[in-house]
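Close look at the chain arrangement
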Amino acid sequence: MSCNTVTFKRGSSFSASMVWNPEPGGIANLVGVTVTSSIIDAQQNEYDLTATVAPGGLSVAFVYPGSTADWAIGTAKWDIKFLNGGTVFYSETMRIDLIGQVTA
Amino acid sequence: MSLTITIPGAVDVTTGSMAPAVLTIGVGVPGAQGPQGPAGPGVPAGGTAGQYLQKTTTGVDYATDWVTLNLSAYLTTSAAASTYYLQTNPAGYITSAALSGYAPLASPVFTGDARAVTPAFGDNDTSIATTAFVQSALLGGTAVARNLEVEVRNQSGSTIAAGSIVYISGATGNKPLITLAQANNDANSAQTIGFVKTSIANNGTGFVIVRGELENIDTSALTEGVQLYLSPTTAGTWTTTKPSAPQHLVYVGIVIRSHPTLGTILVAVQNGYELDLLGSRPADFVRPHRLRSGVLGHGWFLPAYGQPFVFPRRG
């Protein structure tokens, strides 16, 4: 597993695509699983992402519909919540090093 | 499980590569998995709604299959084809063969030495009277013969109704023949025997009450206590008017209950004897009913009709 920290320049449109890698004995796909995700910046502002599970349940597309220009400079935290029936589980927390843009 | 996340516009800090950054991260375990089921083929495939699992092979674990519940082996139809009985064992189930040994509730016909509970001495209800009860009643002196009846045969050519007054007109098959009696002449009245108890069809047999109580007839037109005589005008019926010569006098009974359906007559047939019916009569007393009563001379006295004859006094 690689380091879960990335650098992101605020102002850019934030989107991400996720691939579900099932393992034996685990959940085969995300069909029927509710996927939600949020980002909390360095000033504890929370930004909810729009998650769309692809047909087949093996991938999810995340998009922040607003502008990221106002996100606080610093380290933001991001994870993904999965609700499968009555069971809730989360991904590991990813870190996003938000840096300011130069060009206005 | 893991996730591979691609983020356009981001830079992977580790690799420093330009966008899109790709992260592979773990996912929290949902929870402990439940215990695994026992070894075996499990529930067999197939089947239809309403079917049941059935053991198919003795001694072979998990040998089951889907079957439809079939009770035909446990049921059989009766002769009526609409009644079902439990037919086969396990023990304790009633089989159709066993049911054939039971008498029906309605009009049972018992065989063998049928028995019943002996009612208490003096019991007088709808209990079954056993031979023991009858014997005790006879020994106790409580059994009273209310009627004297005789079995008769009707060959008159038509049905004789209940309550009809009949006379013995012959005999056949060890039974007396009966004919409607009428007090119009000696032949139709002299052998009057009694009242028909219940209707007797032509060529049928029944009972005539010779002495006793004739019940359940219409006596509504009669007064209780009135005496009845054999009718000289209508065969088989009675009259409350005492017949006189040339009609014949046959006293048949007395009304003891006046009722349209539950009337009762005490049957006590007494044939009147005309003088020409008496034995050892004088040869010249041929038609005494034509004679007036009184002294006949030479010691002979002719009494009134129906009165005892008085023999002449000698010396």
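These notes cover the structure that comes with them. Quick caveat: nothing in here was measured; it's all calculated off a predicted structure.

**Some words on the overall build of chain B**
For chain B, the count of helices and strands is three helices and 18 strands. Sequence separation of at least 24 residues holds for 45% of the intrachain contacts in chain B that already meet a minimum separation of 6. When the accessible surface of chain B is totalled, it reaches about 20,000 Å², and 55% of it is carbon and sulfur.

**A word on the overall build of chain A**
Scanning chain A for helices and strands turns up zero helices and eight strands. Residue burial in chain A is summarised as follows: out of 104 residues, 34% are buried. Of all intrachain contacts in chain A linking residues separated by at least 6 positions in sequence, the fraction that spans at least 24 positions is 60%. Carbon and sulfur atoms make up 51% of the accessible area of chain A, which amounts to about 5,400 Å² in all.

**Examining the packing of aromatic side chains**
All names here are of chain A. Taken as a whole and judged by the stated rule, the model has 12 aromatic pairs over all chains. Consider the rings of Phe8 and Trp71, whose centres lie 6.4 Å apart with planes at 40°: the pair is tilted. Within this pair, whereas Phe8 is found in strand E1 (residues 5–9), its partner Trp71 is found in the loop between strand E5 (59–63) and strand E6 (74–84), the two being separated by 63 residues in sequence. An identical accessibility class is assigned to Phe8 and Trp71; each is buried. Judged by centre distance (6.1 Å) and plane angle (90°), the rings of Phe62 and Trp78 are edge-to-face. Of this pair, Phe62 sits in strand E5 while Trp78 sits in strand E6, placing them 16 residues apart in sequence. A residue is classified by how much of its surface remains accessible, and Trp78, at 1% relative accessible area, is buried.

**With respect to the interface of chain B and chain A**
Listed per partner, the contact involves 23 residues of chain B and 29 residues of chain A. Buried surface at the junction of chain B and chain A, summed over both partners, amounts to about 2,200 Å²; 63% is from carbon and sulfur atoms. The interface formed by chain B and chain A includes three residue pairs in polar contact (both at pLDDT 80 or more). Those elements that provide at least two residues to the side of chain B that touches chain A are strand E1 (2–7), strand E2 (10–12) and strand E3 (21–26) of chain B. A class-by-class count of the residues in the side of chain B that touches chain A yields 14 nonpolar, eight polar and one charged. In terms of strand pairing, strand E2 (residues 15–21) of chain A meets E1 of chain B through five bridges, oriented antiparallel. Its bridge partner being in E1 of chain B, Ser17 of chain A is matched across the sheet by Thr6 of chain B.

**Some thoughts on unusual backbone geometry**
With an omega dihedral of 10°, the bond running from Ala245 of chain B to Pro246 of chain B counts as a cis peptide bond. As for its placement among the helices and strands, Pro246 of chain B is situated in the loop between strand E14 (238–239) and strand E15 (250–257). Look at Gln44 of chain A: it is not a glycine, yet its phi comes out positive at around 65°. Locating Gln44 of chain A in the fold gives a position in the loop between strand E3 (34–40) and strand E4 (46–53). For Asn216 of chain B, which is not glycine, the phi dihedral falls at a positive 60°. Mapped onto the elements, Asn216 of chain B comes out in strand E12 (residues 204–217).

**Overview of the nonpolar core**
Counting 33 residues, the largest nonpolar core has Phe14, Trp78, Ile80 and Phe82 of chain A together with Ile5 of chain B as its most contacted members. In terms of residue count, E6 of chain A provides more of this core than any other element does, four residues in total. For Phe14 of chain A, the residues in contact, after removing those within four places along its chain, are Phe8, Ile39, Leu49, Phe62, Val63, Tyr64, Thr68, Trp71, Trp78 and Ile96 of chain A together with Ile7 of chain B. Core analysis: the next-biggest nonpolar cluster, separate from the first, contains 17 residues, Tyr167, Ala183, Leu222 and Leu228 of chain B among them.

**Some details on the side chain of Thr68 of chain A**
Residue and element names in this part refer to chain A. Mapped onto the elements, Thr68 comes out in the loop between E5 and E6. For Thr68, a relative accessible area of 0% gives the class buried. One polar contact links the side chain of Thr68 to the main-chain carbonyl oxygen of Ser12, over a distance of 2.5 Å. Apart from the residues lying within four places of it in its own chain, the contact partners of Thr68 are Phe8, Arg10, Gly11, Ser12 and Phe14.

**Details of a nonpolar patch on the surface**
All names here are of chain A. A cluster of nonpolar residues, Leu83, Val88 and Tyr90, forms a patch on the protein surface that exposes about 240 Å² of accessible area. Mapping Val88 onto the fold places it in strand E7 (residues 87–90). Given the relative accessible area of 40%, Val88 is considered partly exposed.

About the cut-offs
Residues numbered from 1 in each chain as written. Chains lettered and ligands numbered in written order. Predicted model: local features only at pLDDT ≥ 70, side-chain atom pairs only at ≥ 80, totals over all residues. Heavy atoms only, no water. Helix = DSSP H or I, 4+ residues; strand = E, 2+ residues; numbered from the N terminus. Contact = heavy atoms within 4.5 Å. Areas by Shrake-Rupley, 256 points an atom, 1.4 Å probe, with all protein chains shown as cover. Buried < 20%, exposed > 50% of the residue type's maximum accessible area, 1.4 Å probe, protein only. Phe/Tyr/Trp six-rings, centres within 6.5 Å; stacked < 30°, edge-to-face > 60°. Buried area = accessible area lost by both parts, 1.4 Å probe. Polar contact = N/O pair within 3.5 Å; in protein donor to acceptor, adjacent residues only side chain to side chain. Nonpolar A, V, L, I, M, F, W, Y, C, P; charged D, E, K, R; others polar. Pairing = 2+ DSSP bridges. Core = buried A, V, L, I, M, F, W, Y, C linked by side-chain atoms within 4.5 Å. Patch = residues over 30% accessible without salt bridge, like charges linked within 9 Å, V, L, I, M, F, W, Y side chains within 5 Å. Salt bridge = Lys/Arg side-chain N within 4 Å of Asp/Glu carboxyl O.

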